[in-house]
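Chains, contacts and geometry: an overview
Chain by chain, the residues run as shown.
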Amino acid sequence: MSIADSLNSFIMQDYYQKKHKSYHEKTFTIDPSDFLAPFVERLTAGAIVFDVGCGSGRDLLWMKKKGFDVIGFDRSSGLVEIAMENVGCKVIEGDFETYDFSVIYADAIMLIGAMVHIPYDRFSDVFRNIVSSLSDFGIILITLKEGTGTR
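For clarity, every value in this text was computed on a predicted model and none was experimentally measured. (Residues numbered from 1 in each chain as written. Predicted model: local features only at pLDDT ≥ 70, side-chain atom pairs only at ≥ 80, totals over all residues. Heavy atoms only, no water.)

1. A few points about the overall build of the chain
Within the chain one finds six helices and five strands. Overall, the chain shows an N-to-C arrangement of helices and strands of α-α-α-β-α-β-α-β-β-α-β. Counting all 151 residues of the chain, 44% fall into the buried class. Long-range pairs, those at least 24 residues apart, make up 63% of the contacts in the chain between residues at least 6 apart in sequence. (Helix = DSSP H or I, 4+ residues; strand = E, 2+ residues; numbered from the N terminus. Buried < 20%, exposed > 50% of the residue type's maximum accessible area, 1.4 Å probe, protein only. Contact = heavy atoms within 4.5 Å.)

2. With respect to the nonpolar core
In summary, soluble globular proteins display a tendency toward joint burial of nonpolar side chains. Phe39, Leu43, Val49, Met63, Phe68 and Val70 are the most contacted members of the largest nonpolar core, which has 22 residues in total. When residues in this core are grouped by element, the largest group, four residues, is from helix H4 (residues 58-65). Not counting the four nearest positions on each side in its chain, Val70 is found in contact with Val49, Leu60, Met63, Lys64, Val87, Cys89 and Lys90. (Core = buried A, V, L, I, M, F, W, Y, C linked by side-chain atoms within 4.5 Å.)

3. Some remarks on the pairing of strand S3 (residues 90-93)
Relative to S3, strand S2 (residues 69-74) is paired through four bridges, and the arrangement is parallel. Among the inter-strand pairings, Ile71 is bridged to a residue of S3, identified as Lys90. Following the backbone out of S2, through helix H5 (residues 77-87) and into the adjacent parallel S3, one traces a crossover that is right-handed. (Pairing = 2+ DSSP bridges. Right-handed = clockwise from strand over helix to strand, strands pointing away.)

Okay, structure coming up:
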C-alpha cells in the first residue's frame, strides 16, 4: 500500500468516526429501494444478509423490514452504535483489511459504496476476504464509483 493510500484510508476512517452523527443525518433518510429491490428479488425468504460498510444501518433496516435476517459491519464505532440502535441487530465493529470474515455465514453480502475506501492494490485481497463469508450459492451486491486509480 502506498503512503498516499494509507493516509487516505486513515483520513476516511477518522472522518466517519468524528462525523458519524452528521453522516447519519445526511444519509439515513435516503430511500434505498431503487438499488435494493432488484437485489431482494434474487434472495430466498429469510436469507441472512451481511451489510459490510453498513454505516448507520439504513439498508440493514430496509432489508430487515423485508423479512431478512441482517448483520452489519462497519469500522466506525459511532456508526456501529447508531446502526444497532436503528435496526436492533448484530453489528460488528472491525476493519475491512484485517477482520477474518470467514467466521461469518451469509446468504448475501451488500457492499454499498464501502469498497471505494479500499486502496486499489489491496482491493482483490480485501474483496476475497469479505466473500469468504458467503454461502456456496450466495450473491453479492456491490456499488462502486466510476473512475480510475484511487479517485
